[in-house]
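Single-letter residue listing:
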Amino acid sequence: MSVNNQLISTYSQASFPQKSEKIVGNKIKYRRYNWIFLLSLFLPIVGVGVFNIIVDPYDVFNTPNFLGINHSKPRKDNSDRLFKATDIIRIKPVTVLMGSSKTKQGLDTNYPALKNEQPAYNVGLNAITAYELRRYLEHSIANQKELSLAIVGIDFLMFNSFTKTRGSFAEYRLTKQYISPKDIIKVAFSLNAVLASKEAIIDSKKTSLDDIPYEENGFMPVLNPDPNQTKDKFRYAINNYFKSHAKYKLSTPLIELKKIVDLCQKNKIKLIVFISPSHATQWEAIRATGEWSTFEEWKREVVKITPVFDFSGYNSIASEPIHSGMENYRDNFHYTKKIGDLVLNRILDYREADVPDDFGILINPENIEFHLVKIRQDREFWAKNNSNEVKLVEEIKQKYDASLN
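Throughout what follows, the structure given in this document is the object of discussion. (Residues numbered from 1 in each chain as written. Predicted model: local features only at pLDDT ≥ 70, side-chain atom pairs only at ≥ 80, totals over all residues. Heavy atoms only, no water.)

1. What about the overall build of the chain?
Phase 1 of the analysis: A tally of helices and strands in the chain yields 14 helices and 8 strands.
Phase 2 of the analysis: The buried share among the 405 residues of the chain stands at 48%.
Phase 3 of the analysis: Entry remark: accessible area of the chain is about 20,800 Å², with carbon and sulfur atoms responsible for 56%. (Helix = DSSP H or I, 4+ residues; strand = E, 2+ residues; numbered from the N terminus. Buried < 20%, exposed > 50% of the residue type's maximum accessible area, 1.4 Å probe, protein only. Areas by Shrake-Rupley, 256 points an atom, 1.4 Å probe, with all protein chains shown as cover.)

This is the structure in structure tokens:
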């Protein structure tokens, strides 16, 4: 053996751990260091999990939020079905405010009308279906046997048989009193979670605390809206309604609403149901799809099941003209906290003198027909005085129809 080869052999033996070997016949079998290989794989995975848990991009683990590091979480809004299920497990509210994104953006659980109903939690979910509404109520009951008040905002859209639950809805996480292991893995170790954490860190460096919409109680008001975008938001929302609900079939009888009423009666929960407010152009959009009679029939079916406060229609709040400085609505569908406060005033008998007389009418089988006639009359008066907004809805509908051809 040459000197160089001897030096190389000696260096190799001194520098690296030797594998033990076993001779079997003419073959040499090596006992490999499997544990080192596994550890090399395991440690990065653990690091990713720790990173995502610390940043907590969906606010699932309730880890501290640090200003400039992880206080802004842009992907949280579209993960409401996930983090609100875990919040209910942690907070165990005795009051729940339920409904669509209207409820999420409009009803403040810290409003003084609810000061004796705490802890309260806003379970408003984007594009919620009636089925999901019932399932999240069951989840709330499973985690708080003392649940005493359920305020439920319902919409015509929830009862469209063609509307399906979103892909982010998961049965496995509901009615449990612990975070599902599947969700823990998804939030801690998935690539999407890593990207969401990265986005949270980047956004936290440029977004002030005053611009963070989410509060700890699930309420998400729209903060600092750009008034120059108001008309565009109305156009977008009206067009989106046609895309999603031009095809409509009423799910009758309203089985899920009946199940919600029965659940509350069985568990001695006070239930208050209301039809959510929207801008007058939303009701025009329903009319433009030819479903106004279906909308009225829906209300008839609702009052067969429970009395309901009706905040829909062409009332003084809904008739606010579309302009850059709007106070009542952010688009044709979503109302502001100011209007949400009026809703709570009406349904909770709190400062009712602040509420316009035509806003929030309690309807039942006895007065439903009179009420529907009154709304039709209000519409004729509104249309005569707001021809530009009537025309706006018609133009958007025509463009939508043209896009289908």
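There is more to say, and it comes next.
2. A look at unusual backbone geometry
Backbone phi values are negative for most residues with the exception of glycine, while trans is the configuration of most peptide bonds.
Phase 1 of the analysis: A cis amide bond links glutamine 118 with the next residue in sequence, proline 119, at an omega value of 0°.
Phase 2 of the analysis: If you trace the backbone, proline 119 turns up in the loop between α4 (101-106) and β4 (120-124).
Phase 3 of the analysis: For aspartate 56, which is not a glycine, the phi torsion comes out positive at approximately 50°.
Phase 4 of the analysis: With respect to the helices and strands, the residue aspartate 56 is situated in the loop between α2 (34-55) and α3 (80-91).
Phase 5 of the analysis: For aspartate 56, a relative accessible area of 0% corresponds to the buried category.

3. Description of helix α14 (residues 387-403)
Phase 1 of the analysis: With 17 residues, α14 should reach 24 Å at 1.5 Å per residue; the first-to-last C-alpha distance of 24 Å fits that figure.
Phase 2 of the analysis: Here α14 has its buried residues at Glu389, Val390, Leu392, Val393, Ile396, Lys397 and Tyr400. Down the axis, α14 shows its buried residues gathered within 155° of arc, on one side only. Turned more than 90 degrees away from the buried face of α14, the exposed residues are Asn388, Gln398 and Lys399. (Expected span 1.5 Å × (residues − 1). Arc of directions from axis to C-beta.)

4. Quick look at the pairing of strand β5 (residues 149-154)
Phase 1 of the analysis: Most of β5 sits inside the fold, with 6 of its 6 residues counted as buried.
Phase 2 of the analysis: Strand direction decides the pairing type here: strand β3 (residues 95-99) and β5, joined by 4 bridges, are parallel. Each bridged residue has a counterpart across the sheet, and for valine 96 the counterpart in β5 is alanine 150.
Phase 3 of the analysis: In terms of strand pairing, β5 meets strand β6 (residues 270-275) through 6 bridges, oriented parallel. Each bridged residue has a counterpart across the sheet, and for isoleucine 154 the counterpart in β6 is isoleucine 275. (Pairing = 2+ DSSP bridges.)

5. Some thoughts on empty space enclosed by the protein
Phase 1 of the analysis: By the definition in use, this model includes 1 cavity of 30 Å³ or more.
Phase 2 of the analysis: In terms of lining residues, the largest cavity is bounded by 13 residues, among which Lys102, Asp155, Phe156, Leu157 and Trp283 are the most central.
Phase 3 of the analysis: Per-element accounting of the lining of the largest cavity gives the leading share, 3 residues, to helix α10 (residues 280-288).
Phase 4 of the analysis: Split into classes, the residues belonging to the lining of the largest cavity amount to 8 nonpolar, 3 polar and 2 charged. (1 Å grid on protein atoms, 1.4 Å probe; cavity = no way out; pocket = protein on both sides within 12 Å on 5 of 7 lines; lining within 4 Å. Points joined across faces, edges and corners; volume = space filled by probe spheres on them. Nonpolar A, V, L, I, M, F, W, Y, C, P; charged D, E, K, R; others polar.)

6. Structural notes on the layout of surface pockets
Phase 1 of the analysis: A volume near 970 Å³ is recorded for the largest pocket.
Phase 2 of the analysis: Taken together, 31 residues form the lining of the largest pocket, with Ser101, Arg166, Asn240, Phe333 and His334 sitting closest to its centre.
Phase 3 of the analysis: When residues of the lining of the largest pocket are traced back to their parent elements, those giving at least two are α4 and α8 (230-245).
Phase 4 of the analysis: Considering each element in turn, the lining of the largest pocket owes the most residues, 7 residues, to α8.
Phase 5 of the analysis: Counted by class, the lining of the largest pocket contains 12 nonpolar, 13 polar and 6 charged residues.
Phase 6 of the analysis: Taken as a whole, the second largest pocket holds about 680 Å³ of empty space.
Phase 7 of the analysis: What lines the second largest pocket is a set of 26 residues, and nearest its centre among them are Asp59, His71, Lys76, Ile212 and Tyr214.
Phase 8 of the analysis: When residues in the lining of the second largest pocket are grouped by element, the largest group, 4 residues, is from α3.
Phase 9 of the analysis: Among the residues forming the lining of the second largest pocket, the class breakdown is 10 nonpolar, 6 polar and 10 charged.

7. Side note on a nonpolar patch on the surface
Phase 1 of the analysis: Taken together, the side chains of Ile45, Ile185 and Phe189 make up a nonpolar region of the molecular surface, amounting to roughly 290 Å² of accessible area.
Phase 2 of the analysis: Tracing the backbone through its elements, the reader meets isoleucine 45 in helix α2. (Patch = residues over 30% accessible without salt bridge, like charges linked within 9 Å, V, L, I, M, F, W, Y side chains within 5 Å. Salt bridge = Lys/Arg side-chain N within 4 Å of Asp/Glu carboxyl O.)

8. Considerations on the nonpolar core
Phase 1 of the analysis: By size, the foremost hydrophobic cluster in this structure holds 93 residues, and its most contacted members are Tyr136, Leu137, Ile154, Phe159, Phe274, Trp298 and Ile347.
Phase 2 of the analysis: Sequence-distant contacts of phenylalanine 159, that is, excluding residues within four places in its chain, are made with Ala130, Ile154, Tyr248, Lys249, Leu250, Ser251, Leu254, Leu257 and Trp298. (Core = buried A, V, L, I, M, F, W, Y, C linked by side-chain atoms within 4.5 Å. Contact = heavy atoms within 4.5 Å.)

9. So, the packing of helix α13 (residues 368-385) against α14
Phase 1 of the analysis: With their axes 5 Å apart at the nearest point, α13 and α14 run at an angle of 95° to one another. One element, α13, and the other, α14, form an angle in the roughly perpendicular class. Across from Arg379, Trp382, Ala383 and Asn385 in α13, the residues of α14 making contact are Ser387, Glu389 and Val390.
Phase 2 of the analysis: Among the residues making up the contact of α13 with α14, the classes are represented as 3 nonpolar, 2 polar and 2 charged. (Axes fitted to C-alpha atoms, helices over the stretch in contact; angles between N-to-C directions. Parallel < 35°, antiparallel > 145°, perpendicular 65-115°, else oblique.)

10. Section: the side chain of serine 278
Phase 1 of the analysis: Within the fold, serine 278 resides in the loop between β6 and α10.
Phase 2 of the analysis: You can call serine 278 buried: its relative accessible area is 0%.
Phase 3 of the analysis: A polar contact of 2.6 Å, which involves the side chain of serine 278, links it to the side chain of lysine 102.
Phase 4 of the analysis: Of the polar contacts made by the side chain of serine 278, one reaches the backbone oxygen of phenylalanine 333; its length is 3.0 Å.
Phase 5 of the analysis: Residues in contact with serine 278, not counting those within four places in the same chain, are Lys102, Trp283, Ala318, Tyr329, Asn332 and Phe333. (Polar contact = N/O pair within 3.5 Å; in protein donor to acceptor, adjacent residues only side chain to side chain.)

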